[in-house]
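What follows is each chain in one-letter form.
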Amino acid sequence: METSGMFAALRNDTSFTLAAFPDTTIVKIYAEASLLPVLYDEAESVREYEYLCNEQLASKLKALLVQKKVDQYLHRSFPYEKNIREIVRMLGQGKSSSGLWGWWTATDPSMWISLHAIEALLQAQQSGYTVSLNKTALTDYLVFNLENYQGVEKISSLFILQQLGAKVDYKKYLDSLEKRPVKRSLYEQLRLEELKQRVGEKVVPDSFLVKQNHTALGNVYWGDDEYTLFNNSIQNTLTMYRLLRGIGGYSEVLEKIRSYFLEKRKTGHWRNTYESSLILETILPDLLAENDQNGKPALSIKSDLSVIVQDFPFSTEVRGGQPLTISKQGKLPVYFTAYQQYWNKNPDKLSGNFAVHSTFEHNQQPVSVLKGGNPVTLKVHVSVKADADFVLVEIPIPAGCSYADKKQPHTNNEVHREYFKNKVSIFCKSLEKGEYSFEVALLPRYNGIYTLN
């Protein structure tokens, strides 16, 4: 099933014509005068995500707290109290002896995951939940080890201390970071400025404002669309958003940044649970304030039929193969979607930053016909075209095969594997540009040819 279409945030009075879709397949149209349903849907997708590493537990907790705030705002009952308490308990059990968190339980502590988990737990605590967080022990551990940390790790540790309310000489550490003769990424520069702002120093954003980029729709962002965990357009733009909001007087830029985040949702969701939870928690307060504004927008849709929309949410379907003319009036925004869905019987093989090829091997030789009861290796070759951090490799398992063993290798920067009936999920801390091979030991039940996706 493939989807093609567009999403636009229509602000003030505006009008445009959407070119005809390529065929007469039904075009589904949806318009909403509030972003709260969009955020709630995104939070729901994070809540339902199937993996339970510490990052995803923290992301789920943040998403659930967003859902609760939206439900409270709309005077609805919140159905996930049990989920919040369960995740708080699991995060409490998932930390290491140092009090920090790794990607998975019993893996080395990671400062950014620890910051993410601590932020989530503190948000839960502020919402009235009981959390297990020894602030004194954490503060002592971080202060004792602070001189050993460098770069993003040191910046994250200072953010943790600030979140914990630790009485630390932040100016001394900030000065030492800025005086180090190293080239800092845009992300590191922005996070240093945000930390300054958090501890009460004045921040002047002019040198960063000139580095803004613009999309074809006129929306604003910072950085490049990279697969690196931190120095990418989402992380940089989120940090800049928080900085500008804290300074005040940049409402127009903030609006264009929110529209950029929506533009990046073109596949229906943001690209991972970590980024989703950060975007949700960052923009929710402004969307709640936007939702309180008085007045109603109006939307005109013209195709083979014409309709004026004043009650939202609105949905309809029109025949494809013809242009759509959309006009919107009013100060409040309208969030407009138009898309087609169709079944592609012969999809092209896709490859972007990653290319994947898989084969069956027996005694290190490729085989096409498998014999029931004879072990075989499913070998997956991954070509990585640009460095990537925290990568999940999902390998579908053909029906008719079970596992010959369920090893937990540690090659290729693997930190964890999960074996499901239908797939193996491999978590790698990083994959630098290059070639990698992953192996899964299988046991076919029947003789024959097995299809590899």
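The structure this text deals with has already been given above.
Residues numbered from 1 in each chain as written. Predicted model: local features only at pLDDT ≥ 70, side-chain atom pairs only at ≥ 80, totals over all residues. Heavy atoms only, no water.

Undergrad: Looking at this structure, I do not really get the packing of aromatic side chains. What am I missing?
TA: Ring pairs (aromatic) are described by centroid distance and by the angle formed between their planes. Applying the stated criterion across every chain yields a total of 15 aromatic pairs. Arranged with centres 6.3 Å apart and planes meeting at 80°, the rings of F16 and F336 form a pair that is edge-to-face. One end of the pair, F16, is in strand β2 (residues 14-18); the other, F336, is in strand β10 (residues 334-342), and 320 residues separate them in sequence. By relative accessible area, which is 21% here, F16 ends up partly exposed. Grouping aromatic residues by their ring pairs yields a cluster made of Y49, Y51, W103, W104, W112, Y187, F230, Y274, F390, F420 and F427. Over the ring of Y173 we find K172, and its NZ or CZ is 4.7 Å from the ring centre. Here the basic side chain of R191 rests over the ring of F159, its NZ or CZ set 3.8 Å away from the ring centre. (Phe/Tyr/Trp six-rings, centres within 6.5 Å; stacked < 30°, edge-to-face > 60°. Helix = DSSP H or I, 4+ residues; strand = E, 2+ residues; numbered from the N terminus. Buried < 20%, exposed > 50% of the residue type's maximum accessible area, 1.4 Å probe, protein only. Lys NZ or Arg CZ within 6 Å of the ring centre and 35° of its normal.)

Undergrad: Is there a simple way to think about the state of the cysteines in this case?
TA: Note: disulfide means a covalent bond formed between the sulfur atoms of two cysteine side chains. One pass over the structure, following the stated rule, counts zero disulfides. The closest cysteine sulfur to the non-disulfide-bonded C53 is located on C428, 13 Å from its own sulfur. On the accessibility criterion, C53 (0% relative accessible area) is buried. (Disulfide = S-S within 2.5 Å.)

Undergrad: Looking at this structure, how should I read the sheet that holds β2?
TA: With respect to topology, four strands assemble into an open sheet ordered β2-β9-β6-β7, the strand pairing being antiparallel. The sheet terminates laterally at β2 and β7 (306-309), the two strands that pair on one side only. Direction aside, neighbouring strands of the sheet carry axes that sit 10° apart on average. (Pairing = 2+ DSSP bridges. Axes fitted to C-alpha atoms, helices over the stretch in contact; angles between N-to-C directions.)

Undergrad: Please explain the sheet that holds β10 as it appears in this structure.
TA: Strand pairing in a sheet takes place through backbone hydrogen bonds and is either antiparallel or parallel in direction. Taken together, the four strands give an open sheet; going across it, the order is β1-β10-β3-β8, and neighbouring strands pair in antiparallel fashion. With partners counted over all chains shown, the strands left at the sheet margins are β1 (2-10) and β8 (314-318), one partner each. Averaged over all adjacent pairs, the angle separating strand axes in this sheet is 15°, with direction ignored. Where strand β3 (residues 27-32) meets β10, five bridges bridge the pair, whose relative direction is antiparallel. Bridged to K28 within β10 is Y339.

Undergrad: What's the story with helix α12 (residues 273-291) in this structure? I'm lost.
TA: Its 19 residues give α12 an end-to-end C-alpha distance of 25 Å, which sits within 8% of 27 Å, the value for a rise of 1.5 Å per residue. Looking at where α12 begins, the residue whose side-chain oxygen comes 3.2 Å from the main-chain nitrogen of Y274 is N272. (Expected span 1.5 Å × (residues − 1). Polar contact = N/O pair within 3.5 Å; in protein donor to acceptor, adjacent residues only side chain to side chain.)

Undergrad: Could you clarify how one ought to interpret the nonpolar core in this entry?
TA: Side chains of nonpolar character tend, in soluble globular proteins, to be buried together. Among the nonpolar cores identified, the biggest contains 92 residues, and L61, L91, L133, W222, I257 and F261 are the most heavily contacted of them. Per-element tally for this core: the top contributor is helix α4 (residues 111-126), with 10 residues. Core analysis: the next-biggest nonpolar cluster, separate from the first, contains 24 residues, F360, V380, V440 and L442 among them. (Core = buried A, V, L, I, M, F, W, Y, C linked by side-chain atoms within 4.5 Å.)

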